Each structure stands twice: as C-alpha cells, then as structure tokens.
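Here are the chains, one letter per residue:
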Amino acid sequence: MRGVTVWFTGLSGAGKTTISRRVADRLSESGILVERLDGDVVRQSLTRDLGFSAEDRNRNIERVTFVAKLLTRNGVVCLAAFISPFEEMRETARHEIGEFLEVYVKAPMDVLLARDTKGLYRKAMAGEIPNFTGVNDPFEEPVNPNLVLETDKLSEEECAQAVIDLLVRTGYLLDRDSSHPGAATPAAAREPSLATPTQAETKAYGGRLVDRTLRGDALSDARRRAQSLPKVALDERSYWDLGLLAIGALSPLEGFMLEKDYLTVIESMRLTDGLLWPLPVTLATEGDAARLPDDAEVALTDAEGRIVGLMRVRDRYARDKRKEAALVYGTTEEAHPGVSQLYAQGDTLLGGPVWLLDHPAGTGEYGLTPRETRQAFADRNWRRIVAFQTRNPLHRAHEHMIKVALETLDGALLHPLVGATKSDDVPAATRMASYRVLLDHYFPTERILLSGFPAAMRYAGPREAIFHAINRRNYGCTHFIVGRDHAGVGSYYGTYAAQELVHSVQHELGIQVLPFENAFYCRSCAGMATEKTCPHGADQRVSLSGTKVRSMLSSGELPPGEFMRPEVASVLAEGYRSAASD
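This one's a predicted model, so the numbers in the text were calculated from it and none came from an experiment.

Calculation notes
Residues numbered from 1 in each chain as written. Predicted model: local features only at pLDDT ≥ 70, side-chain atom pairs only at ≥ 80, totals over all residues. Heavy atoms only, no water. Pairing = 2+ DSSP bridges. Helix = DSSP H or I, 4+ residues; strand = E, 2+ residues; numbered from the N terminus. Axes fitted to C-alpha atoms, helices over the stretch in contact; angles between N-to-C directions. Contact = heavy atoms within 4.5 Å. Phe/Tyr/Trp six-rings, centres within 6.5 Å; stacked < 30°, edge-to-face > 60°. Buried < 20%, exposed > 50% of the residue type's maximum accessible area, 1.4 Å probe, protein only. Lys NZ or Arg CZ within 6 Å of the ring centre and 35° of its normal. Salt bridge = Lys/Arg side-chain N within 4 Å of Asp/Glu carboxyl O.

1. A closer look at the sheet that holds strand β19 (residues 512-515)
Moving on, step 1. Strands sit in the order β17-β16-β15-β18-β19 across an open sheet of five strands; the sheet is parallel. In this open sheet, the two edge strands, each paired with only one partner strand, are β17 (448-450) and β19. Direction aside, the axes of adjacent strands within the sheet are offset by 25° on average.
Moving on, step 2. The sheet contacts of helix α16 (residues 462-474) involve β15 (385-390), β16 (411-416) and β18 (479-482), and relative to β18 the element is tilted by about 155°.

2. Some details on the packing of aromatic side chains
Moving on, step 1. Overall, the coordinates contain 10 aromatic pairs when judged by the stated rule.
Moving on, step 2. Ring centres 6.2 Å apart and planes at 40° place the aromatic pair Tyr205 and Trp277 in the tilted group. One end of the pair, Tyr205, is in the loop between β7 (192-194) and α8 (216-226); the other, Trp277, is in the loop between α10 (259-268) and β10 (283-285), and 72 residues separate them in sequence. Pair check on accessibility: Tyr205 and Trp277 agree, each one buried.
Moving on, step 3. With centroids separated by 5.7 Å and ring planes inclined at 45°, the aromatic side chains of Tyr262 and Tyr317 adopt a geometry described as tilted. Pair noted here: Tyr262 is in helix α10 and Tyr317 is in strand β13 (residues 315-318), with a separation of 55 residues, a long-range link. Grouping residues by exposure puts Tyr262 and Tyr317 together as buried.
Moving on, step 4. Among the aromatic residues, ring-to-ring pairing joins Trp7, Phe82 and Phe100 into one connected group.
Moving on, step 5. Positioned over the ring face of Trp382 is Arg380, at 5.6 Å from the centre of the ring.
Moving on, step 6. The lysine or arginine in question, Lys403, covers the ring of Phe443, its NZ or CZ lying 5.0 Å from the ring centre.

3. What to know about the pattern of salt bridges
Moving on, step 1. Applying the stated criterion to the full structure yields 33 salt bridges.
Moving on, step 2. Note that Arg90 is salt-bridged to Glu102, the shortest N-O span being 2.9 Å. Of this pair, Arg90 sits in helix α4 (residues 87-97) while Glu102 sits in strand β4 (residues 100-106), and the two are 12 residues apart along the sequence.
Moving on, step 3. Among the residues examined, Arg90 registers a relative accessible area of 0% and is labelled buried.
Moving on, step 4. In this structure, the salt-bridge partner of Asp347 is Lys321, at a minimum N-O distance of 3.0 Å. Taken together, the residues Asp347 in the loop between α12 (337-344) and β14 (348-356) and Lys321 in helix α11 (residues 321-329) connect sequence positions 26 residues apart.

Here it is, written out as structure tokens:
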C-alpha cells in the first residue's frame with residue numbers, strides 16, 4: 001500500500017492532537033492502516049530522555065522522522081502531531097520521509113489562552129516556564145504548507161474532512177464512489193480508501209512503489225507556482241528519467257540523486273543505505289542553474305521550454321566525468337554513445353525530489369505505469385510474469401525466447417524502450433507497429449501484454465541489465481529475460497557479460513532473471529535452436545547483424561523469413577521508405 005506522513009504543526013492548543021485523532025478514527029473505520037505519533041505520547045516513551053533546548057528539540061524530531069519514515073515505507077498513513085517550531089526541521093522531515101504532507105494548525109493567541117486549562121501560556125508569559133514555544137521561544141510559520149486549518153473558524157469535523165480531502169486531492173486516497181482521485185462526492189458519502197491497485201505493490205523494489213505525479217488541485221497550484229520559479233532545462237536522458245521517477249519505475253528513488261548516493265552508486269553499485277543500484281540517475285546543468293541557492297524550488301523544462309516538473313534542490317555538486325565513464329560504462333572513449341552523452345552534459349549535478357506536471361510517461365503510445373501493469377496482471381490472473389526488454393524490432397530469436405518463457409509462466413510483458421535511443425536505431429513508432437503485427441499473427445493475445453517503456457537508452461551493458469531488471473520488478477514482473485550482450489553497443493562488452501553480472505546479484509534483485517543463449521534458425525533442424533541444442537555448423541544457421549538488417553531494409557530488401565517474420569519486415573521496410581521520402 002502507498003503510505004504517507006501527514007505532519008501537523010502549530011502551537012500548543014491549536015488542535016493538532018484533536019484533529020489527528022479524528023482523522024485516524026475516520027481512516028481506521030474505512031479499514032486503512034493508520035498510526036498516530038503525538039508529541040506528548042512520544043515524549044513519554046521514545047524521547048523521554050530529551051528536554052526542550054533547541055538541540056533536544058532537533059533530536060526529538062529526528063527520532064520521530066525515522067519512525068514516520070518506516071511507517072510510511074510500509075504503506076501506513078502516519079499522522080504526526082508535533083509543534084516542530086523550525087522550518088528547517090520540518091523540511092528535513094519532508095526530505096527524509098518523501099511521501100509527506102504538511103498541515104499548519106493555527107488559532108489566535110486569545111483562543112489558545114482560553115483553551116489552556118493548565119495555564120502554561122500564562123506561566124510562560126510570567127517567566128515561570130522557559131523555552132515555551134510561541135511565548136519566549138520562536139515558532140516559524142510554514143512557508144508553503146499543503147493545508148492550513150484555522151481552528152477558531154472550523155469545527156473538529158470540518159478540519160478532519162479537510163485533511164481527508166487533501167489526501168484525496170494528492171492521490172493518496174481514493175473516494176470509494178469515484179473512479180479517479182479528487183472526484184466531487186458529497187462529503188457525507190465519502191469513504192476514503194488507500195490508492196492500491198493491486199496487492200503486488202508490496203513487491204516494489206525497496207519496499208514501496210513511488211508516485212511523484214501531482215493531480216487535481218495540487219497539480220493546478222503547482223502549475224501556477226511554476227511560472228515564477230527559476231527554470232532548469234532537462235537534457236534528453238534526464239527528461240525521460242523524470243517520467244520514470246514520477247511513475248515509480250525507479251522506486252525507491254524519488255528524485256535525482258544527491259552526491260552521497262551518486263558516489264556510492266558509481267563506485268560500488270549501492271545507494272548509501274546499502275540497496276543495490278547500478279546506474280546514476282542525475283540532473284546535469286550549467287550556467288545560472290548551477291548557482292541556485294540551497295533548498296531552491298525550480299521548474300523543470302523540456303527541450304521546447306515547456307514546464308514538465310518541479311524539483312526541490314537539496315544538493316549541488318561537481319562530478320568527475322571520466323571517472324564516471326570508466327566505472328559505469330567501462331570505457332572513457334567518446335565513441336561510446338553513453339559516454340558521448342555524458343561528456344556533453346554540464347559539469348554540475350543537482351539533486352533532490354521531483355514532482356511531475358506534464359510528461360508522456362505512462363500515457364498513450366508510451367504505455368502503462370507500474371501501477372497500471374500490476375492492475376492488468378491482476379485482471380488477467382497472472383501471477384508469474386516475464387518481461388522482455390528491447391530497443392530493436394523483434395526477429396525470430398526474440399520471438400523464440402519469449403515463447404520458451406511462456407511455456408512455464410502465466411504471461412509476458414513485451415516492454416520495448418520508447419525513449420531516446422541512438423540516431424540509427426529504428427524509431428519507436430515504427431517498432432511499435434512491427435510489434436503489434438507480430439503479436440497479431442504469432443502470439444496468443446491472452447498471454448501477452450504490449451506496453452512501451454518510457455526510458456532513455458544508456459548503452460551501459462551489464463550495469464544496465466541490472467537496472468532493467470529492477471525497473472521490471474517495479475512494473476510487477478516476476479521474471480526478466482537477459483539475452484546476449486544485453487544493453488550493449490559495438491564490442492564494448494562481452495557477449496554474456498550482462499548475464500554474469502546479473503547472476504552475481506540475483507539474490508538481491510527480487511526478480512528471477514532468465515538467461516538465454518544466442519538463438520538462430522537452423523536449416524538442418526528446420527527450426528529455432530541454440531548452440532546447446534543444435535549439432536550443425538555455421539553454414540546452416542541463419543543469423544544477421546543489426547547493421548546488415550538495417551542496410552537491407554533501407555535498400556528495400558526484406559530479410560529472410562527464417563530470420564524475421566515477413567509481416568514484421570514489411571512494416572519496417574515501409575517505415576524506412578517513409579523516413580527516406582521525408
């Protein structure tokens with residue numbers, strides 16, 4: 001389930017505890033996992049050793065943040081009610097927890113005094129109680145809370161409903177009677193439920209499926225605010241990474257990497273918490289954007305200057321490009337397309353959480369989101385699903401691998417990469433048309449699901465094979481095919497180097513990798529085979545390089561039917577003819 005922390009902040013007596021308790025009751029009545037962390041209760045147990053100095057207040061919130069983060073990661077709605085007087089403390093909690101909503105509970109001082117049955121405010125005003133927030137210690141009002149509740153004007157029930165409505169607007173809850181978050185439903189009829197399309201969500205990498213897509217009022221507010229924010233341009237790769245981050249394909253990442261994660265990833269394929277992660281996910285920039293102040297909120301723009309996302313800049317750092325190239329790609333040669341793209345990027349990296357405003361990821365031809373594929377699998381009663389990654393048109397060897405896997409599994413996700421690729425790769429639209437014609441003629445439609453994978457190709461070979469396996473686990477798959485030279489380019493990686501690296505970390509992936517030998521059509525065997533099953537020589541094997549196939553198609557010549565289905569070849573040839581005429 002998708003958890004969230006709702007952080008209630010405000011002065012003593014404003015109503016934080018009362019409102020959070022009522023919200024908890026409402027959610028619990030609807031069968032939703034909910035826990036309350038309240039200032040007074042926590043100080044009697046978790047933080048009983050702490051006082052009220054500024055240092056102890058910080059320690060108090062650090063411990064609460066840690067507990068809230070664990071609850072949120074495990075699909076719980078955590079209601080944290082703490083005075084938490086300093087903006088920096090609250091922003092740290094937001095950053096650490098990730099799925100975080102801030103509610104400012106406020107009331108004028110005369111109301112707080114009237115509610116103060118213990119007389120604490122008057123004692124503080126008389127100098128009898130030191131360090132009392134709001135009297136002789138400061139309270140910093142939230143700069144940009146998700147919700148403000150003025151409890152001198154709203155009833156307890158109205159405040160609780162406002163929090164429920166916030167959870168609906170931001171996509172954490174669904175109205176039982178609506179088909180989409182935030183649908184208008186009479187308040188009395190609303191029964192919130194956690195937005196959990198399938199139970200498979202608990203299998204997401206790192207423990208939870210991330211969602212950084214804004215919806216409803218939150219989206220409208222963000223779009224208005226973005227117009228006046230500093231702009232940071234995304235290059236082609238970071239543009240597609242933004243979409244992957246937002247839809248949860250890169251779970252548990254919630255944004256572009258901070259320096260500490262970046263360094264451990266390139267050096268040891270680990271996040272700082274020890275979780276296996278093979279590739280850096282970074283936002284490179286230069287010029288004015290490289291000089292942004294700490295904690296700046298920025299608008300992310302695409303190649304045409306359209307605002308597509310928001311980011312809170314938590315880190316700004318330089319990188320050693322040659323070191324990254326050598327460690328990630330295994331080469332520093334600019335002829336390698338991934339290295340070439342790396343060298344062309346800015347020298348400064350920005351790190352921090354992102355929110356999606358406008359992006360093709362998970363829409364139309366670019367396919368289903370991880371939540372949607374999980375729901376599709378559940379609708380089909382598929383429990384064991386194999387994913388097949390490709391950036392190329394499918395030939396008979398690819399078809400063979402998928403069908404062999406289908407002999408023992410429930411279904412297959414044909415998941416071609418539809419983001420940025422090399423200029424000489426077949427365009428995504430042409431490839432998608434070729435996949436559809438193949439599926440129409442040579443696969444049982446009830447056993448296979450076609451959906452685009454909205455990612456940029458890195459050509460990082462073995463490391464990218466691990467990356468692709470993690471991605472497909474987040475999409476809900478249980479198995480993943482790794483063939484020869486997975487995600488490779490040229491002769492930079494060994495034929496089965498990707499399989500060897502993936503095998504070494506198989507126990508950590510949580511998705512079963514299926515390694516396949518290079519397959520070919522054998523004329524003597526009169527069928528598909530591999531070196532493990534075919535005794536005949538190379539002269540009987542029909543196998544063509546990608547370069548040869550592209551050359552044939554460009555000249556109007558179709559590859560032999562033993563290598564590629566004629567229906568597929570015809571679609572590709574037409575695509576090449578259209579491109580040539582354009």
